[in-house]
Amino acid sequence: GFNGLLLTGHPGIGKTLFLDLLVLWILHDFPKVHILVVYEGGFILIVCNGGTPIRYNCRNKFTTPAEIEDEMLKLSVKEGDQVVVLHDVKDQALPYNDGLVALLEMKFRITVVLSSSPFESNYKNFGKQDPMPDNFFMPVLTPKEVTVFLKHLDPVITDAEIERRHSLVGGV
């Protein structure tokens, strides 16, 4: 098995932003951990061998898990290396790819962080892995909490601008 974390929350709550922050944290604190980001448009591989990380954008370039694994090996990711897979499940167009994870865990030490809205059914197989992944649900912020948070970030922001931004993400 592999280490897993399932991150769920309502649409617009910040799951994708959280994955972006995880990339930065991993790059900063774990300079020898490779990162594979799986998203709607393809894959991003960040190879980290202790020096300057090298980013490979594989947008629509690879279609099968075997092609992704082959490319990782070509790009200096060695068997037994630690790889964090950040999988941003958006809808049925990009379901959880258990074939990719099963293939990668045969060659690499992997940790998978899967992000999905709880309304999507396509991530449910991930939750059935052995061992079971930890599950975190991102809470919905109240309008008051959003206002307090944004005013800390930007003290001159108006209430009208806060309301506008809040409505852009569906009021969550």
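Presented here is a report on the structure given in the accompanying data block. (Residues numbered from 1 in each chain as written. Predicted model: local features only at pLDDT ≥ 70, side-chain atom pairs only at ≥ 80, totals over all residues. Heavy atoms only, no water.)

## Topic: the overall build of the chain
Next, step 1: Tallying secondary structure elements over the chain gives five helices and seven strands in all.
Next, step 2: Mapped in sequence order, the helices and strands of the chain form the string β-α-β-β-β-α-β-α-β-β-α-α.
Next, step 3: Considering only contacts in the chain between residues 6 or more positions apart, those separated by 24 or more positions represent 65%. (Helix = DSSP H or I, 4+ residues; strand = E, 2+ residues; numbered from the N terminus. Contact = heavy atoms within 4.5 Å.)

## What about the side chain of His34?
Next, step 1: In this structure, His34 sits in strand 2 (residues 34–39).
Next, step 2: Take His34: its relative accessible area is 0%, and that puts it in the buried class. (Buried < 20%, exposed > 50% of the residue type's maximum accessible area, 1.4 Å probe, protein only.)

## Overview of a nonpolar patch on the surface
Next, step 1: On the surface, Leu17, Leu21 and Leu24 cluster together to form a nonpolar patch covering roughly 310 Å² of accessible area.
Next, step 2: Given the relative accessible area of 47%, Leu21 is considered partly exposed. (Patch = residues over 30% accessible without salt bridge, like charges linked within 9 Å, V, L, I, M, F, W, Y side chains within 5 Å. Areas by Shrake-Rupley, 256 points an atom, 1.4 Å probe, with all protein chains shown as cover. Salt bridge = Lys/Arg side-chain N within 4 Å of Asp/Glu carboxyl O.)

## Some details on the pattern of salt bridges
As a working rule, side chains carrying opposite charge can pair if their charged atoms are close by.
Next, step 1: Counted according to the given criterion, the structure contains two salt bridges.
Next, step 2: Among the ionic pairs, Glu69 bridges to Lys107, the shortest N-O distance being 3.6 Å. With Glu69 in helix 2 (residues 65–74) and Lys107 in helix 3 (residues 98–107), this residue pair connects regions lying 38 residues apart in the sequence.
Next, step 3: For Lys107, a relative accessible area of 27% corresponds to the partly exposed category.
Next, step 4: Linking Glu161 and Arg164 is a salt bridge whose minimum nitrogen-to-oxygen distance equals 2.8 Å. In this pair, Glu161 and Arg164 both sit in helix 5 (residues 159–168), three residues apart, roughly one turn of the helix.
Next, step 5: Judged by relative accessible area, which is 42%, Arg164 ranks as partly exposed.

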